[in-house]
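Understanding the architecture of this molecule
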Amino acid sequence: MEGLFGKLRNLDAYPKINEDFYSRTLSGGIITIGSSIVMFLLFISELRLYLHAVTETKLVVDTSRGETLRINFDVTFPALSCSMLSLDAMDISGEEHLDVRHDIIKKRLDSHGNIIESRQDGIGSPKIEKPLQRHGGRLEHNETYCGSCYGAEVSDEDCCNSCEEVREAYRKKGWGLSDPEIIDQCKREGFLQRIKDEDGEGCNIYGFLEVKKVAGNFHFAPGKSFQQSNMHVHDLLPFQKESFNISHKINRLSFGEYFPGAINPLDGVQWVQHAPYGMYQYFIKVVPTVYTDIRGRTIQSNQFSVTEHFQSDDIGRLQSLPGVFFFYDLSPIKVTFMEGHVSFLHFLTNVCAIVGGVFTVSGIFDSFIYHGQRAIKKKIEIGKFS
């Protein structure tokens, strides 16, 4: 047994030195304190990295199909009234959403940007007790109201009981409403008077769109839109205006759900129109993004980059549709973010590396100072140091 212990003793890589041979110095004490502080700070830094989640980023090809894209927006137009403003969306597959109203909220704003309380339709309009019936007579007692669509009826049973229904019927036919005053419903509801009353007001429009996950565009523009000769046009005649101020501020614009670290480059962007006519365009590249948090919850979202362009009409008449257009395209590359913790073995390895590295470097530094001091002291003793 004694022989076995002797062999193990010979394998000792850490030979011990008798305390009688230790020599403690002032420089060694200072280096020990300094190295201890360094080791402590590095240990705290490593501990923080271990306790907090780290995010791993990967780029993969986006192979998803048949998904939809949610567009969240909040845009303010300080010089365009809500009665003029409409929202359209379309994509390269041919799908169109014209004059979108569902999931959309509009707020009227005064010239100072304050919200105006909603008022009932018809205030300030001419008072007509008996609306005009489709057959040409006035509405009598015990008679059901059925207003004329003024030639835009699809069938004989169709009724247009409001100015909005007449405009919608005209839109579906691809017609423009040149003079709302000849339309009994519009005259009765005071359509033109309402536009005049809202002149100088602004509009805040917010909500979301759910569209196909293909390239397309959505835009905010005055007037109802319709198709005419395979072209997308807006009916601007009812507003009787020569120019439209499309100055705007994008309070928020995002594609998909928010995830930690998401940056939307158009949030808070403001643009003021100085030319009398024009179209403002944003060209957006959408990058599909998947974020997985530390609990395994996955968020399917998107990031995007953007460039801007203003197309001005200097000829003096409306050549292009006045409005704010957002053209978006999808990137074929998907970004994945995955949160995770550093493993305990990795943390332990780094701590050992910190302790051993600092201890070794401080030992080399202490040895250099100690032997340097001894060499200088010897030269002083023999009188060779000058």
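Taking an unreviewed UniProt entry as the reference, the chain is identified by name as Endoplasmic reticulum vesicle transporter belonging to Musa troglodytarum. Per its UniProt entry, the chain bears the Subcellular location (unreviewed entry) comment "Membrane".

Moving on: the overall build of the chain. Regarding its fold elements, the chain presents 6 helices and 15 strands. Within the chain, the proportion of its 386 residues that are buried is 37%. In the chain, once contacts between residues fewer than 6 apart in sequence are set aside, the share between residues at least 24 apart is 74%. For the chain, the accessible area works out to roughly 23800 Å², and carbon and sulfur atoms hold 56% of it.

Core analysis: the biggest nonpolar cluster contains 48 residues, and Phe218, Phe220, Leu253, Ile284, Phe326 and Tyr328 have the highest contact counts within it. Residues Phe259, Tyr291, Ile299 and Phe337 belong to the second largest nonpolar core, which totals 5 residues.

Backbone geometry at Asp99 places phi at a positive 50 degrees, although glycine is not the residue there. For Asp103, which is not glycine, the phi torsion reads 65 degrees and is therefore positive.

Using the criterion set out here, one finds 22 aromatic pairs in the structure. In textbook terms, an aromatic cluster arises when at least three aromatic residues are bridged by ring pairs, as seen for Phe73, Phe77, Phe218, Phe220, Phe255, Trp271, Tyr280, Tyr282, Phe304, Phe310, Phe326 and Tyr328.

A few words now on the pairing of strand E6 (residues 202–212). As defined by bridge partners, strand E2 (residues 68–77) adjoins E6 across 10 bridges and the pair is classed as antiparallel. Pairing of Arg70 across the sheet is with Glu210, part of E6. Here strand E5 (residues 104–109) pairs with E6 via 6 bridges, running antiparallel. In the sheet register, Ile104 faces E6, and the bridge partner there is Gly207.

What follows concerns the environment of Arg70. Topologically, Arg70 is positioned in strand E2. It is 8.0 Å that separates the C-alpha atoms of Arg70 and Glu257, two residues lying 187 residues apart in sequence. Excluding its chain neighbours within four sequence positions, the residues that come into contact with Arg70 are Phe208, Leu209, Glu210, Ser254, Phe255 and Gly256. Within the structure, the side chain of Arg70 is placed 2.9 Å from the side chain of Asn72, a separation counted as a polar contact.

Here helix H6 (residues 344–381) is 38 residues long and its end C-alpha atoms lie 55 Å apart, about the 56 Å a rise of 1.5 Å per residue gives. Of the positions making up H6, those classed as buried are Phe347, Val351, Ile354, Val358 and Ser362. Check the buried side of H6 and you find it contacts helix H2 (26–51).

Take the sheet that holds E6 next. Across the sheet, which stays open at both edges, the 5 strands sit in the order E5-E6-E2-E10-E11 with antiparallel pairing between neighbours. Whereas interior strands pair on both sides, the edge strands pair on one side only; in this sheet they are E5 and strand E11 (269–271). Geometrically, the sheet is characterised by an average inter-axis angle of 20 degrees between neighbouring strands, direction not taken into account.

It is worth spelling out the packing of H2 against H6 at this point. Between H2 and H6, the shortest axis-to-axis distance is 10 Å and the interhelical angle comes to 165 degrees. The angle between H2 and H6 falls in the class roughly antiparallel. By crossing handedness, the relation of H2 to H6 is classed as right-handed. The segment H2 lies against H6, with Ser27, Gly28, Ile31, Ser35, Val38, Met39, Leu42, Phe43, Glu46, Leu47 and Tyr50 engaging Phe344, Phe347, Asn350, Val351, Ile354, Val355, Val358, Ser362, Phe365, Asp366, Ile369 and Gln373.

Evaluation of the coordinates by the stated rule reveals 3 disulfides. The disulfide partner of Cys146 is Cys159, and the gap between their sulfur atoms is 1.8 Å. Judged by the torsion about the S-S bond (-90 degrees), the Cys146/Cys159 disulfide is left-handed. Separated by 13 residues along the polypeptide, Cys146 in the loop between E5 and helix H3 (163–173) and Cys159 in the loop between E5 and H3 bring together distant segments of the chain.

As a further point, take H2. Compared with the 38 Å implied by 1.5 Å per residue over 26 residues, the 38 Å span of H2 between its first and last C-alpha is a close match. Looking only at H2, the buried set comprises Ser27, Gly28, Ile31, Ser35, Met39 and Glu46. As for H2, its buried residues are in contact with H6.

By the secondary structure assignment, Leu59 is in strand E1 (residues 54–61). For Leu59, a relative accessible area of 64% translates into the label exposed. Remark: the alpha-carbon pair of Leu59 and Ile333, spanning 274 residues in sequence, is separated by 6.6 Å. The contact partners of Leu59, leaving out residues within four places of it in the chain, are Ile333, Lys334 and Val335.

Cut-offs applied
- Residues numbered from 1 in each chain as written.
- Predicted model: local features only at pLDDT ≥ 70, side-chain atom pairs only at ≥ 80, totals over all residues.
- Heavy atoms only, no water.
- UniProt positions renumbered as here; feature names shortened; annotations may be inferred.
- Helix = DSSP H or I, 4+ residues; strand = E, 2+ residues; numbered from the N terminus.
- Buried < 20%, exposed > 50% of the residue type's maximum accessible area, 1.4 Å probe, protein only.
- Contact = heavy atoms within 4.5 Å.
- Areas by Shrake-Rupley, 256 points an atom, 1.4 Å probe, with all protein chains shown as cover.
- Core = buried A, V, L, I, M, F, W, Y, C linked by side-chain atoms within 4.5 Å.
- Phe/Tyr/Trp six-rings, centres within 6.5 Å; stacked < 30°, edge-to-face > 60°.
- Pairing = 2+ DSSP bridges.
- Polar contact = N/O pair within 3.5 Å; in protein donor to acceptor, adjacent residues only side chain to side chain.
- Expected span 1.5 Å × (residues − 1).
- Axes fitted to C-alpha atoms, helices over the stretch in contact; angles between N-to-C directions.
- Parallel < 35°, antiparallel > 145°, perpendicular 65-115°, else oblique.
- Left-handed = near helix turned anticlockwise from the far one by under 90°.
- Disulfide = S-S within 2.5 Å.

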